[in-house]
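So you can see what is in the structure, the chains are spelled out below.
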Amino acid sequence: MSFPSGNGCSYDVFLSFRGIDTRDSFADHLYEKLVNAGIHTFRDDDEIDRGEELRPEIERAIKASEASIIVLSENYATSTWCLDELWLILEQRRVFNHFVLPVFYHVDPSDIRKQNKTFNIEVKTTTRWTSSLSKVADLTGWSLFGKLNKNFNIEVKTSSRWTNDNVNRWKAALTEVASLTGLVLSGPETKFIKDIVNTVYNKLDRKQVYLPHNLIGMDARVQEINSWLNKSNDEFLVIHGMGGCGKSTLAKYVVYSNWQYFEKVSIVERIGSRCKEPHDVLQIQEQLLIDILGGKKKILNVCQGAFKIEEVLQTKKALIVLDDIVKPSQLHSILGAGNINKQSKIIITTLANDLDIWFRSRSMRYREYKMELLDDDESLKLICLHAFGSENLMEGYEELAKQVVRYCEGNPLALEVLGSSLRDDNSIKYWKSAVKLLGKEIHHDIYYILKRSYDSLPYDSDRELFLHIACFFVGIDIDYVITILESDYSAISRIKTLMKRCLVYVTPKKKLMMHRLVQEMGRSIVDRESTLPAKRSRVWRNTESFDMLMKGKGSKTMKGLAVNVHMVSRDDEFKLMDESKQVQMKESLYTLKSFPKMDQLKLLKLMYVYFAQLEKDFTKQLRWLCWVGFNKPVIPSFLCMENMVALDMSCSSLEEFEPPMVLQSLKILNLKSSQSLYRIRFISRLPNLETLILWNCHRLVYISETIRDLTSLSLLDMTGCENLQRRSFPNLPQSLERLFLKDCNLECTDDFPLSFIDQSFLRYLNLGNGIFQVLPTYNHLKSLRVLDLSLCSRLRWLLCLPSTLAELYIYYCTSLEKVTFESHQFTLQELGYEGCSILSEIEGFIKLVPLAKLDEADLGHMNWLKEYQNHELCLTGDDELMIGRNFQLQMLYEFNIMSISLPDINDPKMMPDYMSPSTLFSFDVPLCPKNKRLKGLSVTFRYTTNCDDCVWFAKIKTTNGVDLMYNPKVFGKPESGEVAIWLSYWPIGNKLNVGDSVIVSIVVMKGLEIYVCGASLVYSDDEVADDDDQTLQKNMEWVEILGEDLPRFQLSTGGYYLCRRDLFELMEVDRLTPGWFSILVGDTIDDTEVRGWRKTGRPQQSYQSFTELKTVRCIIYGPEMDFNYKISEMSKSSYVDENVQLTMEFGSTSKVSDEAKKELIDEPPIRFDEPPIRFDVLDPIESDIDQDEENSPLHPR
């Protein structure tokens, strides 16, 4: 394949050669390779005698070419035609910077330099060519002339062209061309030709010539693909994404940028639209073979074509693009088995992403690339490029351009189409008028590109399903949508088909979403069914829907209808009505006579629509009835509900709910915020109910006892039903998996012990804001994954939690003191404990105990601290742990390390054995004093702080393999200008041997200024234990010394990173400088090893909570939104509010710019470039410790 030159020249290369030497051999092969490489080449095929002057077309071709290749062969200088070409080519080089490449084909460059043999040109009739080219000897390269030992003497007839002037001019040209760098044939001609093509290709810079100038964001997206081209063994790359996202453009960009590295290149475009019938594949195969082999290729049938293509691709190194493959059968028909040369690469673009099915039974290896849409900055550049001809935004158009960007949501096609349409008139008035149309009607060009995905759906039911989602269910939980639509449309499997066509996608929070333009395309399909809304299959615009209801007109085609009365007067259609129509509609807003008959209606969403009366059996096919604000005290007995799957009567006026009949199909019942509801009867008539929402039904006092017989009920939300327990709390069904009992004034009583013995399937339990003091153990709930006890202000202990628990939320349990686990290990993936102001222990995780609550036995060798138990110092580090906590001195137990922060006190008992003004020092372990046993090491330092986000580690390393780096959960934060002391004890005595070198360092990344550091060896006062005891102590493993979960904190270097938070979160908001990890460990390991670090250490695998990534989902759907309990993402105000804080998500996918990041507080990191300060081996017991307090080494004068 070839591409037009992009430099203004008619040709890329002019090929000059001597026909009798190379026309049917070397020159022909070279020409073919140049053309296949996309280099537009001119050659003269005329066989006429070249003794005459150059024809005008030859002269024009030389002048219209960007470069020339001169094939200097044996008889080249015997042709006046060739010599004239040479002179004119060199003239172009001198005047126009024309690139010239001499090629020496079976001639020795020394013959040109010495003017020997055929290059000795003279004016005489018969002459030996000997002296013309004596100065031409500077060429370098390869030479192949060993076989040419014959005499090159040639007789030349007298010609009018062999004049003195011409011969001198030609000699000068030959001398000049000999001085240029060229290529000399040496070795196989095929390799020689490849070298010539590569040289010309690189010199012309094909990427610069052929790439369109208006591409935005392509370089960033092509990096991964270049890696596939150069390093991957995968033969196929599949680029998939929605229509108009730039898949084909990216594929071509890759080809234009890399085709010089391949023997053959082919781009086969629009395969999907070209292959309507089976025989259409023949044309695709023929084009592919022509591009690879050249010439006209006739194929009899598809099987033969696939065989030939497979045969060719096993020998050729080819780069191929198969654009717009719709289904795998097209790929298989074109390529057959797909056994290709491993050096070949095939790029496929497609709307589909079910690639496992495409390649499941085949040996072809592939890599997947999901096409990313443009971000806001790239989108703004592209819209400006097409609207203004420049990437720069014109003044005054900022907000208008951003509206277009938000509308397009990063789709390049839409940006290009709309930008080009706005270029017609660059007045602000015109732009404002055009922007008003966005969202009302989709542009024709965008519509038809996007509709191709819709048209490719294999079943009519797929298209119906897509239109239902586009009109009613964008932004809704996918499980909810599947429940409603499964029976009619096999939604579980068919939504996957829509996802494979890039028509819908699902967010990590399980929202069923659709690109805005795809949604508009779908709704536009419905709009085009009829100009009259009543004759369409779906109506969702409030004004159109209400107008239908107000007129009372029925419909035989309507399948779905939605209206929100509160929004009618805000619609643009309403504002365009004449005043009398507006008055009429406003008068009818809240009182309609009756609901018109619609036989085919399956989906009905009414918000605050009130009818004076309801017609019996106004529709019999309803699957989903969402009637927010239903204004009757009871459900009419004649309301046809037998086919209903989901019934939502949120915020209704219902006083009593009683199903009018047995409803086998009903799976979801939502009575949220029905403030008048006090009784639910005969609920056993809903035998297949799966979800029951009674959130904020405050007056509810009775639920039928038959609720226990609902064997399918898995989710029950009774949040805020505070009057239930006072009368009669129902027995709950055994099938429950998710249970919400928040704000129910729960007490742990004999009648309702909160043990949930029968609910063995419970996975999520919310007892928030209960008034109980203790709870039973839940180790019998083997499936329990999430337990939420937030705001249980009277709860004191939480004991023996099951080992299966993954998430625990105890926000603002202000009386809670202790949490323990059945396994005695901390294995939680998520833990929320903000506001637990007296919490002293979470087993296996942390203990933080006021010094006043510890006795001397608890403190051991640090018992002298009791003297200071009434001192105070603010703590920092873990803000969640410190909220509401008093300032009394507190001892931290973490990883079996004891640490405490003190005000700047003077006490000789804290004087260290080894001290240094540096943050890095070392000493050798001395002999153990008689009748003493080495227990551990004490580390201390004096410091001040200068910011809120202090990050530092205490680090101990020995020649005996100890390598510990510890970041305490909390530490003291002195007032500005004041000094504090950090004191710690590390129980590692059995890992310290006599003579070991111990290196102690305080590694500061941010916020601390260290004045002096110290360390002491700690000995026991007991008599020496017997030999067996000594051996036992000496052989203790790290797990026994610092805790059973220690292996999860070990780095690949063998060191232990004792930290319970992900410090990269600070770096991501510019509150910690990059490179902090290398300050701690050097450059021996990559910092990615500690990214995502959790409270339990290294993440063992990507954790997903019970409800997918931190969100416990309670299916509470309003008509325009659904509600989610956000557990681990709730703000502080969410916990202290009496009501559950709910987040309403409207399903908008428009991008929001990031907030300005906080300014970095500069704190130069402390590095240790000098060797540590050494201390001599001393006997610390004999050192003088009776000096005055003011002379303590920790308090230098």
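Here the structure is a predicted model, which means the values were calculated and not measured. (Residues numbered from 1 in each chain as written. Predicted model: local features only at pLDDT ≥ 70, side-chain atom pairs only at ≥ 80, totals over all residues. Heavy atoms only, no water.)

Overview of the overall build of the protein chain
Alright, step 1. Scanning the protein chain from terminus to terminus reveals 36 helices and 50 strands.
Alright, step 2. Residue burial in the protein chain is summarised as follows: out of 1197 residues, 54% are buried.
Alright, step 3. Considering only intrachain contacts with a sequence separation of at least 6, the fraction spanning at least 24 residues in the protein chain is 64%.
Alright, step 4. A total of about 52,600 Å² of accessible surface is found on the protein chain, and carbon and sulfur atoms cover 47% of it. (Helix = DSSP H or I, 4+ residues; strand = E, 2+ residues; numbered from the N terminus. Buried < 20%, exposed > 50% of the residue type's maximum accessible area, 1.4 Å probe, protein only. Contact = heavy atoms within 4.5 Å. Areas by Shrake-Rupley, 256 points an atom, 1.4 Å probe, with all protein chains shown as cover.)

Points about the pattern of salt bridges
Alright, step 1. One pass over the structure, following the stated rule, counts 40 salt bridges.
Alright, step 2. Across the pair Arg536 and Asp527 runs a salt bridge, and its minimum N-O distance is 3.4 Å.
Alright, step 3. Shared partners join several salt bridges into a network, and the residues in it are Glu656, Glu658, Arg679, Arg681 and Arg685. (Salt bridge = Lys/Arg side-chain N within 4 Å of Asp/Glu carboxyl O.)

Brief notes about the nonpolar core
Alright, step 1. Ranked by internal contacts, the top residues of the largest apolar core, which has 178 residues, are Phe756, Ile810, Tyr1057 and Trp1076.
Alright, step 2. By residue number, the principal contributor to this core is strand E45 (residues 1008–1020), which donates seven residues.
Alright, step 3. Those residues in contact with Tyr1057, other than ones at most four positions away along the chain, are Phe953, Met965, Phe1049, Leu1051, Leu1063, Trp1076, Phe1077, Leu1080, Val1090 and Trp1093.
Alright, step 4. Counting residues in each nonpolar core, the second largest holds 119 residues, with Met218, Tyr256, Ile484 and Val526 among its members. (Core = buried A, V, L, I, M, F, W, Y, C linked by side-chain atoms within 4.5 Å.)

Side note on the side chain of Gln519
Alright, step 1. Examined against the element boundaries, Gln519 turns out to sit in helix H24 (residues 516–527).
Alright, step 2. Not counting the four nearest positions on each side in its chain, Gln519 is found in contact with Ala470, Val474 and Met514.

A closer look at the sheet that holds strand E30 (residues 818–821)
Alright, step 1. Taking strand neighbours across the sheet as the criterion, the 10 strands line up as E28-E30-E32-E33-E35-E36-E43-E39-E45-E37 in an open arrangement whose pairing is mixed. Looking at strand neighbours, the two that pair on one side only are strand E28 (797–801) and strand E37 (914–916), the edges of this open sheet.
Alright, step 2. Both E37 and E45 contribute to a ladder of three bridges, which runs antiparallel. Residue Met915 lies in a different strand from E45, and its bridge partner there is Gly1014. (Pairing = 2+ DSSP bridges.)

Overview of helix H17 (residues 398–408)
Alright, step 1. Those residues of H17 that fall on the buried side of the exposure criterion are Leu400, Ala401, Val404, Val405, Tyr407 and Cys408. All buried residues of H17 fall inside an arc of 165 degrees around its axis, so they share one side.
Alright, step 2. Contact partners of the buried residues in H17: helix H16 (376–388), helix H18 (412–422), helix H19 (428–436) and H24. (Arc of directions from axis to C-beta.)

Details of the packing of helix H22 (residues 478–489) against helix H23 (residues 491–500)
Alright, step 1. Running from N to C, H22 and H23 cross one another at 110 degrees; their axes reach a closest spacing of 8 Å. Classed by the angle they form, the pair H22 and H23 counts as roughly perpendicular. Touching Ile478, Val481, Ile482, Leu485, Glu486 and Tyr489 of H22 are Ala491, Ile492, Arg494 and Ile495, all from H23.
Alright, step 2. Here the contact of H22 with H23 is composed, by residue class, of eight nonpolar, no polar and two charged. (Axes fitted to C-alpha atoms, helices over the stretch in contact; angles between N-to-C directions. Parallel < 35°, antiparallel > 145°, perpendicular 65-115°, else oblique. Nonpolar A, V, L, I, M, F, W, Y, C, P; charged D, E, K, R; others polar.)

Quick look at the packing of aromatic side chains
Alright, step 1. Scanning the entire structure with this criterion turns up 35 aromatic pairs.
Alright, step 2. Here Tyr447 and Tyr448 contribute two aromatic rings whose centre-to-centre distance is 4.9 Å and whose plane-to-plane angle is 85 degrees, an arrangement assigned as edge-to-face.
Alright, step 3. Judged by relative accessible area, which is 3%, Tyr447 ranks as buried.
Alright, step 4. You can call Tyr448 partly exposed: its relative accessible area is 42%.
Alright, step 5. Measuring from ring centre to ring centre gives 5.8 Å for Tyr966 and Trp986, while their planes differ by 85 degrees; the resulting arrangement is edge-to-face. Pair noted here: Tyr966 is in strand E41 (residues 963–966) and Trp986 is in strand E43 (residues 980–986), with a separation of 20 residues, a long-range link.
Alright, step 6. Ring pairing ties together the aromatic residues Phe895, Phe953, Tyr966, Trp986, Phe1049, Tyr1057, Phe1064, Trp1076, Phe1077 and Trp1093, which thus form one cluster.
Alright, step 7. Directly above the ring of Tyr447 sits Arg528, whose terminal nitrogen or CZ lies 3.7 Å from the centroid. (Phe/Tyr/Trp six-rings, centres within 6.5 Å; stacked < 30°, edge-to-face > 60°. Lys NZ or Arg CZ within 6 Å of the ring centre and 35° of its normal.)

A few points about the sheet that holds strand E5 (residues 183–184)
Working definition: the strands of a sheet are paired by backbone hydrogen bonds and lie parallel or antiparallel to each other.
Alright, step 1. Pairing within the open sheet is parallel, and its five strands lie in the order E2-E1-E3-E4-E5. Strand pairing shows two members of the sheet lacking a second neighbour, strand E2 (41–42) and E5, which therefore form its edges.
Alright, step 2. Those strands touched by helix H3 (residues 56–63) are strand E1 (11–16), E2 and strand E3 (65–72), and its axis lies near 130 degrees from that of E1.
Alright, step 3. Its contacts with the sheet place helix H7 (residues 189–204) against E1, E3, strand E4 (99–104) and E5, and it is angled at close to 170 degrees to E4.

A short note on a nonpolar patch on the surface
Alright, step 1. Taken together, the side chains of Val774, Trp797 and Leu799 present a nonpolar region at the surface, about 250 Å² in accessible area.
Alright, step 2. Residue class for Trp797 comes out partly exposed when judged on its relative accessible area of 32%. (Patch = residues over 30% accessible without salt bridge, like charges linked within 9 Å, V, L, I, M, F, W, Y side chains within 5 Å.)

What about the environment of Ser735?
Alright, step 1. Counting through the fold element by element, Ser735 comes out in the loop between helix H29 (724–727) and strand E25 (738–740).
Alright, step 2. Assessed through its relative accessible area of 16%, Ser735 is described here as buried.
Alright, step 3. Along the sequence, Ser735 and Phe761 sit 26 residues apart, while their C-alpha atoms lie 6.4 Å from each other.
Alright, step 4. In this structure, Ser735 is in contact with Leu710, Thr711, Ser712, Leu713, Ser714 and Phe761, ignoring residues within four places of it in sequence.

Examining the packing of H16 against H17
Alright, step 1. Between H16 and H17, whose axes approach to 10 Å, the crossing angle comes to 115 degrees. In this structure, H16 crosses over H17, and the sense of that crossing is right-handed. Facing Asp376, Ser379, Leu380 and Ile383 of H16, the residues of H17 in contact are Ala401, Val404 and Val405.
Alright, step 2. The class makeup of the residues in the contact of H16 with H17 is five nonpolar, one polar and one charged. (Left-handed = near helix turned anticlockwise from the far one by under 90°.)

Considerations on the confidence of the model for the protein chain
Alright, step 1. Summarising the model, the protein chain shows a mean pLDDT of 81, and 81% of its residues fall at 70 or more.
Alright, step 2. Taken as a whole, residues 1106–1171 scores under 50 in pLDDT and shows 167 contacts with residues more than four places along the chain or in a different chain. (pLDDT = per-residue confidence, 0-100.)

Section: the pairing of E1
Alright, step 1. Counting buried positions along E1 gives five out of six residues, so the element sits mostly inside the fold.
Alright, step 2. Taken together, the five bridges between E1 and E3 define a ladder with parallel strand orientation. Paired with Tyr11 across the two strands is Ser65, which belongs to E3.
Alright, step 3. Pairing geometry for E1 and E2, over two bridges, is parallel. What sits directly across from Val13, in E2, is Thr41.

Some points on the pairing of E41
Alright, step 1. Burial along E41 is two-sided: the residues Asp963 and Met965 and Leu964 and Tyr966 are all buried.
Alright, step 2. In this structure, the hairpin formed by strand E40 (residues 951–958) and E41 is closed by a connection of four residues, where Gly961 is found at a positive phi of approximately 100 degrees.
Alright, step 3. Bridge analysis of E41 against strand E46 (residues 1056–1058) gives three bridges, and the strand direction is parallel. Its bridge partner lying in E46, Tyr966 is registered against Leu1058.

Quick look at unusual backbone geometry
Alright, step 1. Its identity is not glycine, yet His106 carries a phi of approximately 55 degrees, on the positive side.
Alright, step 2. Considering the arrangement of structural elements, one finds His106 in the loop between E4 and helix H5 (109–113).
Alright, step 3. Classification of His106 as partly exposed rests on a relative accessible area of 26%.
Alright, step 4. Even without a glycine there, the phi angle at Leu754 is positive, about 60 degrees.
Alright, step 5. Structurally, the position occupied by Leu754 is in the loop between E25 and strand E26 (764–766).

Points about helix H4 (residues 80–96)
Alright, step 1. With 17 residues, H4 should reach 24 Å at 1.5 Å per residue; the first-to-last C-alpha distance of 24 Å fits that figure.
Alright, step 2. Structurally, the start of H4 carries an N-cap: the backbone nitrogen of Trp81 is 3.2 Å from a side-chain oxygen of Ser79.
Alright, step 3. Once H4 finishes, Asn97 follows within two positions and takes phi at roughly 60 degrees, a positive value. (Expected span 1.5 Å × (residues − 1). Polar contact = N/O pair within 3.5 Å; in protein donor to acceptor, adjacent residues only side chain to side chain.)

Things to note about the environment of Asp354
Alright, step 1. Looking at where Asp354 falls in the secondary structure, it is placed in the loop between strand E9 (345–350) and helix H15 (355–359).
Alright, step 2. Each C-alpha atom of the pair Asp354 and His240 lies 9.7 Å from the other, and the pair is 114 residues apart in sequence.

Focus: the environment of Cys928
Alright, step 1. Relative to the elements of secondary structure, Cys928 occurs in the loop between strand E38 (920–924) and strand E39 (933–945).
Alright, step 2. With 66 residues separating them in the primary sequence, Cys928 and Val994 have C-alpha atoms 7.7 Å apart.
Alright, step 3. Residues in contact with Cys928, not counting those within four places in the same chain, are Arg933, Leu934, Val994 and Tyr1019.

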